[in-house]
Amino acid sequence: MPIPQLRSRETTAWKDSSARANSQKSSKKSFKKRLFSFALGLLVTGVVIALIAFMWLSRDLPNPNQLINREVAQSTKIYDRSGENILYEISGDERRTLVPLSEVPDYVKQATISIEDKNFYKHGGFSIWAMARTAVTNVLYNRSAGGSTLTQQFIKNAVLSNEKTLTRKLKELIMSYQLEKRFSKDEILQMYLNEIPYGSNAYGVEAASQKYFGKSVRNISLAEAAVLAALPQSPSRYSPYGANKDLLLGRKDYILDLMAEQGYVTKDESETAKKQEIVFKGRDNNITAPHFVMYIKDILSEKYGEKTIEQGGLKIYTTLDLYKQKIAEEVITEKTKDYPTKYGANNAALVSIDPKTGQILAMVGSRDYFDDSIDGQVNVTTRPRQPGSSMKPLVYASLFEKGYTPDTILYDVVTNFSTNPADPYTPHDYDLGERGPVSIRKALAGSLNIPAVKAIYLTGINSVIDLAENLGYTTFADRSRFGLSLVLGGGEVKLLEHVNAYSAFARDGQLSPLVSILKVEDKNGKVIEEYKPSDKKVLDSQVVRMINSILSDNVARTYVFGAKNNLTLSDRPVAAKTGTTNDYYDAWTIGYTPSLVAGVWVGNSNNDQMKGRPDGSVVAAPIWHDYMNKVLAGTPVENFKEPDSYKTGKPILDGQIPTQLVKVDVSSNTLATDATPPEFIEEKNVALHHSILFYVDRSDPRGAAPKDPTSDPQYLLWEEPIQKWATKNASSSDFVLPENYNELHKPENKPTLEVISPSNNETINVASLEVKIKTSSPRGVKRINYYINNNLWHTKTGNLDALVIPLNNLGNGYQNLKVQACDDIGNCSDETVNFNLLIKDNSVSISKNSISLISPSSSLALNLIDFPLPIVFQVTHPERISQLNLVLRDAEGKTTVPNIIKSFSSNPINISLESAPKSGVYSIFGELHDLNGDIIKSNEIILTVK
């Protein structure tokens, strides 16, 4: 039947589906079991491997009552650049003496624990928290932070190598844990104190105590214990025989503070120990170029660890040129013999570098490395000191990169640069003087301070620091410390970095990093590292060449240093710059040729002030000069490349003070007004004395001038002293634009005047005229002018009595009389009256006067040799002439009056054209003014001037 058959099929299908589902579930369970078994097996295998590794890595843990058996140590040799001269051999002979922990003073143990691992008695060999903190500090803040326990340090320094690999770190952790499990804390501390390296091949506190203090550790003081505890972190860096003895003593005091803080000693005991003088045992003197050697040793210790350096049998080939090194040492010794007594300067340092490679050729860190009285072991070449004016070339280089030039005008006038009235900043030049407008060339060559401060403001402090860091300086990290005084040496630099920065000037803007090591070989002769040349462009070539042209310009600095000075060499061009800090704590000279740079510092290691005001040119330059002179003798002469033209078209950038033609009232040296009499007006080319901020946008000096200079916060601070200087130093050749307009020529200052006789329109029947006046003036009346028909007839000075004027040459008829009263500065008033002249039988004709130009003839061609040119006029009535003008008219119709005659003793009348006008065609004629007030023109002639 169909229906049952259908049900049978459905039931079968369901059963098949169910079977498949059960089969899949079973398969999944089986896969999970296999996966779990595999993972479990892998875990068990890993644990077994880890246990085997753990047992293998910790198999050779030391016995706390025995010294560790080390490999046979081999000495490390440090060579000069030739590879033939050993500068220093780091001996492989170890100094080690086991001392039981019970015989070690408590404060030796406490000092070590307080600085290295204050939780030593609490942890189990390593600290997860400390390692995490170290990772965060190193990664996020790029600062080194210790994360190792005292146990780890022991394993790392005494058992394992100092390599920085994950495998070594794992070994360190495993062995530290195992060490803690196997030995007590006191046993571990005993091993640490007996095995840890303390530098100079001294292993353990007993050997270190004998090495540095010449006595057993059982007998050292609390302060000496702190010194020993300070050494293991970096024995080379903190060596009492190295350059950083002051850092060692500072770390000693820090440890004493920690001991007081952690309750090991009282505050009073800590302070008393700080005051104790630490006397170190004498050092070995078998070392050449000791400052350089210790510098190399510090570098290598940081790279490879103390153990490798002292026992690894390395061969270090350095960059040192032993010939140059010996000259440097000899020159310093010779030149500074009398410096302590003469200048109060007990120390000096010198660095010399090859600018083409950055390789250090000579390094003298002090006058005498072995003289403790001057802290001779301190390497001044690597210590931050204030550089004085030797910082200025960097500032001006930054300024040139902005678009300024060596010709740019900056005003050397005493200026307060502070915008805070309560905190003024007013630097002065070395001689406390002012020089007004000076070019950057003159300012840098003469090391003037005031223009330099303006220069760093114009370029910006951050721009200077950016350049400095690009040049390799490492002392400007905290930019908030620095202000405008940075240009005068207000920020510390290291002589070594300072000299290498100057290499960029010597090498047309290229800079190589400092190099001191050429090659390092291990004990088997395998090269571990080797010098490879590298450099980068840090300055534009044009900028460098402008700096070089200034620093090598002896003429430009002669006004300060004199023509003969120690900044020049007789046989070749050199560029040099001195520097002196405020109060004469540091004196510098840095100079260079294209193939050699050298820098010298003179002063006191303890920063005492020198005496007698010795600047860099006095105490440092002689050392620099003699070193360069001897080292360069016989070598090829090299010249600096000249800069391209740097004209900008802007006067202030091109060394020109802008000028303006103005009308000046010469009676008061003020600007003329409409009331100023013409005879008191003089046109003058006025120098427009303004600060550079008036003419240029400081961030874009070659762009548009600022619309509102006063918006710059320094503008008014610079402008006011400039205007004072300009007013004080004004002369006829450098006239200063007046600030005010003339106020002397004004109506209230004019004289009062009244003509008493003749009265207006009075008839005069005689051949003379008596004139009476009444006048007064605030400034007094200096003169009275009398005019007949607008012709000056007579001038009277002194008393104001009546004047009788002869009228012999006047014809009958109405005449005009003008009387003019004037004071001493041309304030004038006048009064006019008419009179009728009626003289019986007056013989003077009233006919018109006449004038003829009779010589030279027209159409002459003239050369310069023809001048002065005689000219002759014929006049009909010379006795009636008031004035004769010679008039010259050019081809464009412009007329000039090159000569005027007012005295006529003969007829014809001779006059001359004194100087030749410029080439062209001219018309010449005469204008006659007669006493009747007529102006009569002569005939014209044409002249051609070639």
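### Details of the overall build of the protein chain
Each helix and strand in the protein chain was counted, giving 25 helices and 38 strands. A buried classification covers 50% of the 946 residues belonging to the protein chain. By sequence separation, contacts in the protein chain at least 24 residues apart represent 70% of the contacts at least 6 residues apart. When the accessible surface of the protein chain is split by element, carbon and sulfur atoms take 50% of a total near 45,000 Å².

### Quick word on the confidence of the model for the protein chain
Confidence along the protein chain averages 86 in pLDDT terms, with 86% of residues attaining 70 or more. With pLDDT under 50 throughout, residues 1–21 is counted as low confidence; its partners more than four residues away or in other chains account for 0 contacts. Low pLDDT (under 50) marks residues 130–145, which in the prediction has 18 contacts with non-local residues, meaning those over four places away or in another chain.

### With respect to the sheet that holds strand E17 (residues 586–593)
Ordered in space as E7-E6-E18-E17-E16, the 5 strands form an open sheet in which the pairing is antiparallel. Both edges of this open sheet fall to strand E7 (359–364) and strand E16 (575–580), since each of them pairs with a single strand only. Averaged over all pairs of adjacent strands, the angle between strand axes in this sheet comes to 10 degrees, irrespective of strand direction. Bridge count for strand E6 (residues 347–354) against strand E18 (residues 596–603) is 7 bridges, and the pairing is antiparallel. The residue bridging Ser352 from the neighbouring strand is Ala598, located in E18.

### Notes on the pairing of strand E19 (residues 659–665)
Note: E19 against strand E21 (residues 681–687), 7 bridges, orientation antiparallel. Directly across from Gln660, in E21, lies its bridge partner Val686. As paired strands, E19 and strand E20 (residues 670–671) are joined by 2 bridges and run antiparallel to one another. Residue pairing for E20: Asp665 is matched across the bridge by Thr670. Hairpin geometry of E19 and E20 is characterised by an intervening segment of 4 residues between the two adjacent antiparallel strands and by a positive phi of about 50 degrees at Asn669.

### Some thoughts on helix H13 (residues 322–335)
Spanning 14 residues, H13 covers 20 Å between terminal C-alpha atoms, matching the ideal 20 Å at 1.5 Å per step. Every buried residue belonging to H13 is among Leu322, Lys324, Gln325, Ile327, Ala328, Val331 and Ile332, and all of these are buried. Its buried side turned inward, H13 meets strand E2 (86–90), E6, E7, E18 and helix H23 (621–632). Near the N-terminus of H13, the side chain that reaches the backbone nitrogen of Tyr323, with its oxygen 3.1 Å away, is that of Asp321.

### Considering the pattern of salt bridges
A complete count under the given rule lists 38 salt bridges for this structure. A salt bridge links Glu271 to Lys274; the shortest N-O distance between them is 3.3 Å. A residue pair is termed a helical-turn pair when its members lie 3 or 4 positions apart in one helix, as Glu271 and Lys274 do in helix H10 (residues 267–275) at 3 residues. Between Arg779 and Asp824 there is a salt bridge, and its shortest N-O distance comes to 2.9 Å. Here Arg779 is found in the loop between strand E24 (768–776) and strand E25 (783–788), whereas its partner Asp824 is found in the loop between strand E28 (813–822) and strand E29 (828–837), with 45 residues between them in sequence. Using a relative accessible area of 38% as the deciding quantity, one classes Arg779 as partly exposed. One salt-bridge network, held together by shared partners, links Asp257, Lys267, Glu271 and Lys274.

### Notes on helix H9 (residues 245–261)
With 17 residues, H9 extends 24 Å between its outermost C-alpha atoms, agreeing within 8% with the 24 Å of an ideal straight helix rising 1.5 Å per residue. Taken residue by residue, H9 has Lys245, Leu248, Arg251, Lys252, Ile255, Leu256, Leu258, Met259 and Ala260 as its buried positions. Of the surrounding elements, those touching the buried residues of H9 are helix H2 (106–116), helix H8 (222–230) and H10. At the exit of H9 stands Gly263, carrying a positive phi of roughly 85 degrees.

### Quick notes on the packing of aromatic side chains
One pass over the full model with this rule turns up 17 aromatic pairs. An angle of 85 degrees between the planes, with centres 5.2 Å apart, marks the rings of Tyr339 and Tyr343 as edge-to-face. One exposure class covers both Tyr339 and Tyr343, and it is buried. Relative to Phe476, the ring of Tyr473 lies with its centre 5.7 Å away and its plane at 55 degrees, an arrangement referred to as tilted. Exposure class is identical for Tyr473 and Phe476. Each is buried.

### Structural notes on the side chain of Asn194
Along the chain, the position of Asn194 falls in helix H6 (residues 185–195). A polar contact is formed between the side chain of Asn194 and the backbone nitrogen of Val99, at a distance of 2.8 Å.

### Considering the sheet that holds strand E14 (residues 527–530)
Read across the sheet, 5 strands follow the order E2-E1-E5-E13-E14 without closing on themselves; strand pairing throughout is mixed. Two strands close off the open sheet at either side, each with one partner strand: E2 and E14. The mean angle between the axes of side-by-side strands here comes to 15 degrees, regardless of whether they run parallel or antiparallel. Pairing of strand E5 (residues 315–318) with strand E13 (residues 517–521) involves 4 bridges; the strand directions are antiparallel. Looking at E13, one finds that Tyr317 is bridged to Lys519.

### So, unusual backbone geometry
Residues Ser757 and Pro758 are joined by a peptide bond in cis, for which omega reads 0 degrees. When you line up the elements, Pro758 lands in the loop between strand E22 (752–757) and strand E23 (762–764). Residue Pro868 is reached from Phe867 by a cis peptide bond, and omega for that bond is 5 degrees. One can find Pro868 in the loop between strand E31 (860–862) and strand E32 (869–875). The backbone of Asp508 shows a phi angle near 60 degrees, a positive value even though the residue is not glycine. Although it is not a glycine, Asn789 adopts a positive phi angle of roughly 55 degrees. The topology assignment puts Asn789 in the loop between E25 and strand E26 (791–797).

### Structural notes on the packing of helix H15 (residues 392–402) against helix H17 (residues 449–459)
As a packed pair, H15 and H17 sit with axes 9 Å apart at the nearest point and diverge in direction by 45 degrees. Taken together, the axis directions place H15 and H17 in an arrangement best described as oblique. Viewed along their axes, H15 and H17 form a crossing whose handedness is left-handed. For the pair formed by H15 and H17, the contact residues are Lys392, Val395, Tyr396, Ser398, Leu399 and Lys402 on the first element and Asn449, Pro451, Ala452, Ala455, Ile456, Leu458 and Thr459 on the second. In terms of residue class, the contact of H15 with H17 is made up of 8 nonpolar, 3 polar and 2 charged.

### Side note on the packing of H9 against H10
For the pair H9 and H10, interaxial distance at closest approach is 9 Å and the crossing angle is 170 degrees. Classified by the interaxial angle, the pair formed by H9 and H10 is roughly antiparallel. In this structure, H9 uses Lys252, Asp253, Leu256, Asp257 and Ala260 to contact H10, whose residues at the interface are Lys267, Ser270, Glu271, Ala273 and Lys274. Looking at the contact of H9 with H10 residue by residue, the class counts come to 3 nonpolar, 1 polar and 6 charged.

### Section: the environment of Tyr177
Among the structural elements, Tyr177 can be located in helix H5 (residues 166–182). When the C-alpha atoms of Tyr177 and Gln152 are compared, they prove to be 8.8 Å apart, with 25 residues separating the residues in sequence.

### Considering the environment of Phe482
Note that Phe482 resides in the loop between helix H18 (461–470) and strand E11 (493–494). Put simply, Phe482 and Ile465 are 17 residues apart on the chain and 9.4 Å apart in space, counted from C-alpha to C-alpha. Setting aside chain neighbours within four positions, we find Phe482 in contact with Ile461, Ile465, Thr475, Phe476, Gly490 and Gly491.

### So, the side chain of Ser503
Relative to the assigned elements, Ser503 resides in helix H19 (residues 495–506). For Ser503, a relative accessible area of 1% gives the class buried. Non-local contacts of Ser503, meaning those with residues more than four positions away in its chain, are made with Ile353, Pro355, Gln510, Leu511 and Val597.

Cut-offs used in this document
Residues numbered from 1 in each chain as written. Predicted model: local features only at pLDDT ≥ 70, side-chain atom pairs only at ≥ 80, totals over all residues. Heavy atoms only, no water. Helix = DSSP H or I, 4+ residues; strand = E, 2+ residues; numbered from the N terminus. Buried < 20%, exposed > 50% of the residue type's maximum accessible area, 1.4 Å probe, protein only. Contact = heavy atoms within 4.5 Å. Areas by Shrake-Rupley, 256 points an atom, 1.4 Å probe, with all protein chains shown as cover. pLDDT = per-residue confidence, 0-100. Pairing = 2+ DSSP bridges. Axes fitted to C-alpha atoms, helices over the stretch in contact; angles between N-to-C directions. Expected span 1.5 Å × (residues − 1). Polar contact = N/O pair within 3.5 Å; in protein donor to acceptor, adjacent residues only side chain to side chain. Salt bridge = Lys/Arg side-chain N within 4 Å of Asp/Glu carboxyl O. Phe/Tyr/Trp six-rings, centres within 6.5 Å; stacked < 30°, edge-to-face > 60°. Parallel < 35°, antiparallel > 145°, perpendicular 65-115°, else oblique. Left-handed = near helix turned anticlockwise from the far one by under 90°. Nonpolar A, V, L, I, M, F, W, Y, C, P; charged D, E, K, R; others polar.

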